[in-house]
Amino acid sequence: MSAGRHPVQDFGYHLPEDRIARYPAARRDESRLLVAPRSGGPFAHRVFRDLPGLMRAGDVLVVNESRVLPARLLGAKPTGARAEVLLLRPLGEEGARDDEAKADDGDGRPADSRLWEALVRPGGKLKPGRTVEVAPDLVVHIVDSTPDHGRIVRVETPLPVEEALRRHGRVPLPPYLRRQDEPVDRARYQTVYARAPGSVAAPTAGLHFTRELMDALEAGGVRIARVTLHVGVATFRPAGPCGGDPRDPGEERYRVPREAARRVVAARAGGGRVWAVGTTVVRTLESAADGEGGVRAGGGTTDLFIRPPFDFQVVDALITNFHLPHSTLLMLVAAFAGHERTMDAYREAIDQGYRFYSYGDAMVIS
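Residues numbered from 1 in each chain as written. Predicted model: local features only at pLDDT ≥ 70, side-chain atom pairs only at ≥ 80, totals over all residues. Heavy atoms only, no water.

**Notes on the overall build of the protein**
Each helix and strand in the protein was counted, giving nine helices and 19 strands. Across the 366 residues of the protein, 56% fall into the buried class. Accessible area for the protein stands at about 15400 Å²; split by element, carbon and sulfur atoms hold 48% of it. (Helix = DSSP H or I, 4+ residues; strand = E, 2+ residues; numbered from the N terminus. Buried < 20%, exposed > 50% of the residue type's maximum accessible area, 1.4 Å probe, protein only. Areas by Shrake-Rupley, 256 points an atom, 1.4 Å probe, with all protein chains shown as cover.)

**Thoughts on the packing of aromatic side chains**
Inspection of every chain in the model, using the stated rule, returns 13 aromatic pairs. Seen from their ring centres, Tyr-189 and Tyr-359 are 5.9 Å apart, and the 75 degrees between their planes marks the pair as edge-to-face. A residue pair is termed long-range when its members are at least 10 positions apart, and Tyr-189 in the loop between helix H4 (183–188) and strand S13 (196–199) and Tyr-359 in the loop between helix H9 (339–351) and strand S19 (362–365) qualify at 170 residues. Considered together, Tyr-189 and Tyr-359 belong to a single accessibility category, that of buried residues. Note on Tyr-346 and Phe-356: the rings are 5.8 Å apart at their centroids and 80 degrees apart in plane angle, and the pair reads as edge-to-face. Taken together, the residues Tyr-346 in helix H9 and Phe-356 in the loop between H9 and S19 connect sequence positions 10 residues apart. (Phe/Tyr/Trp six-rings, centres within 6.5 Å; stacked < 30°, edge-to-face > 60°.)

**Some details on the pattern of salt bridges**
Tallied over the full model, the rule gives 23 salt bridges. Across the pair Glu-182 and Arg-179 runs a salt bridge, and its minimum N-O distance is 3.8 Å. Residue Glu-182 is classed as partly exposed on the basis of its relative accessible area, which comes to 31%. In this structure Arg-179 comes out as buried when scored by relative accessible area, which is 16%. In this structure, Glu-252 and Arg-283 form a salt bridge, with 2.3 Å as the shortest nitrogen-oxygen distance. Of this pair, Glu-252 sits in strand S15 (residues 252–256) while Arg-283 sits in helix H7 (residues 279–287), and the two are 31 residues apart along the sequence. Assigned by exposure class, Glu-252 and Arg-283 land together as buried. Three or more residues are tied together by salt bridges with common partners; here these are Arg-72, Glu-84, Arg-121, Arg-170 and Asp-181. (Salt bridge = Lys/Arg side-chain N within 4 Å of Asp/Glu carboxyl O.)

**A closer look at the nonpolar core**
Core analysis: the biggest nonpolar cluster contains 63 residues, and Tyr-13, Val-62, Phe-356 and Met-363 have the highest contact counts within it. With eight residues, helix H8 (residues 328–337) is the single largest residue contributor to this core. Once residues lying within four places of it in the same chain are set aside, the contact partners of Phe-356 are Tyr-13, Leu-15, Arg-19, Ile-20, Ala-21, Phe-322, Tyr-346, Ala-349 and Ile-350. Counting residues in each nonpolar core, the second largest holds 26 residues, with Leu-86, Trp-116, Ala-118 and Leu-138 among its members. (Core = buried A, V, L, I, M, F, W, Y, C linked by side-chain atoms within 4.5 Å. Contact = heavy atoms within 4.5 Å.)

**What to know about the environment of Val-132**
By the secondary structure assignment, Val-132 is in strand S10 (residues 131–135). Looking at Val-132, the relative accessible area reads 0%, which means it is buried. Residues Val-132 and Pro-78 lie 54 residues apart in sequence; the distance between their C-alpha atoms is 7.2 Å. Excluding its chain neighbours within four sequence positions, the residues that come into contact with Val-132 are Gly-75, Ala-76, Ala-83, Val-85, Leu-126, Leu-138, Val-139 and Val-140.

**Structural notes on the packing of H8 against H9**
Where H8 meets H9, the closest approach of the two axes is 6 Å, and the angle between their N-to-C directions is 120 degrees. By the criterion of interaxial angle, the relationship of H8 to H9 is oblique. Between H8 and H9 the crossing geometry is right-handed. Residues Leu-330, Val-333, Ala-334 and Ala-337 of H8 form the contact with H9, whose own contacting residues are His-339, Arg-341, Thr-342 and Tyr-346. Class assignment for the residues of the contact of H8 with H9 results in five nonpolar, two polar and one charged. (Axes fitted to C-alpha atoms, helices over the stretch in contact; angles between N-to-C directions. Parallel < 35°, antiparallel > 145°, perpendicular 65-115°, else oblique. Left-handed = near helix turned anticlockwise from the far one by under 90°. Nonpolar A, V, L, I, M, F, W, Y, C, P; charged D, E, K, R; others polar.)

**Some points on unusual backbone geometry**
Residue Arg-121 is joined to Pro-122 through a cis peptide bond whose omega torsion reads 0 degrees. If you trace the backbone, Pro-122 turns up in the loop between strand S9 (115–121) and S10. At the junction of Pro-308 and Pro-309, the peptide bond is cis and its omega measures out at -10 degrees in the coordinates. With respect to the helices and strands, the residue Pro-309 is situated in the loop between strand S17 (298–302) and strand S18 (317–321). Positive phi, normally seen in glycine, also occurs at Arg-178, with a value near 55 degrees. When its relative accessible area of 64% is taken as the criterion, Arg-178 is described as exposed.

**Thoughts on the pairing of strand S12 (residues 151–156)**
Relative to S12, S9 runs antiparallel, the two sharing four bridges. Bridging across to S12, Glu-117 finds its partner in Ile-152. With six bridges joining them, strand S11 (residues 138–145) and S12 adopt antiparallel strand pairing. Residue Val-139 lies in a different strand from S12, and its bridge partner there is Glu-156. The hairpin formed by S11 and S12 contains five residues between the paired strands, and His-149 there has a positive phi angle of roughly 75 degrees. (Pairing = 2+ DSSP bridges.)

This is the structure we're talking about:
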């Protein structure tokens, strides 16, 4: 089966192992920036702090405020054997919010849910009815199994769940980093504007921004709009076997506040461009598209799978990191920039020594 006009294997590339950025740059905005004009022409090589020179007054920069939860819980079974639980998303009425609440101008924080969808290890041993003790004040009960080999778990703690995770949870780094989380990751695997807890992976295009850079953008007449999409575990999965059926990216929760919707509409009306910081923002904006170039305020879940060909209704420019081969995120970039242009940009980045993946360098397509 093809992903649009291209089979899945067309989204593959070879990346030397030493190009995977296992740690962040010394300073967020010192990352390199590959500038790829969407219309073609030569690539340019900049640094991320040059971004204000690529934007103009009247543009709107849309960022994802989702905050990464320290949702990786290391503990033990009653036998003493090691066990691990990765909390993915809250479930049930405890975690639910209606669309009206999701569209307000509050902080979008999830309710203090005790029931979660999760991944567990070792999967064969942690069946319903088993428990994992993480700390004396934090125990996870396995309640049920899910069709995709996950679990429904109940978090038992006298503390608010977010506080228990802050005390005992670990940062859920992507497996391709091949290391355990370290103190540096508490701050650096998080955007400076993260506010609404709920992601199990960072919206990594936003990791390059500093507060000073955002101030400089606003001083130059760029408006900033804030939305939320909570990144799920599907972001770590490849799109599918080479030549096989591409996997959809799964459902993720999103929220577009009224002020963000107003700023997107105002930019459009004034001839400004809508810049999406990362693929999560693209999915949010295109899921909320109103058919007239703007977006509707509100929230819910989206399973939008963006792959070539795709008719973008809202996004004019994309800031993105370099993604895994055969991934749905790479497909989204190819839908925006064009398949050939995207794969040329990746070859250019590899040839020029760019750093890849979550802690790597960035690309702007406009």
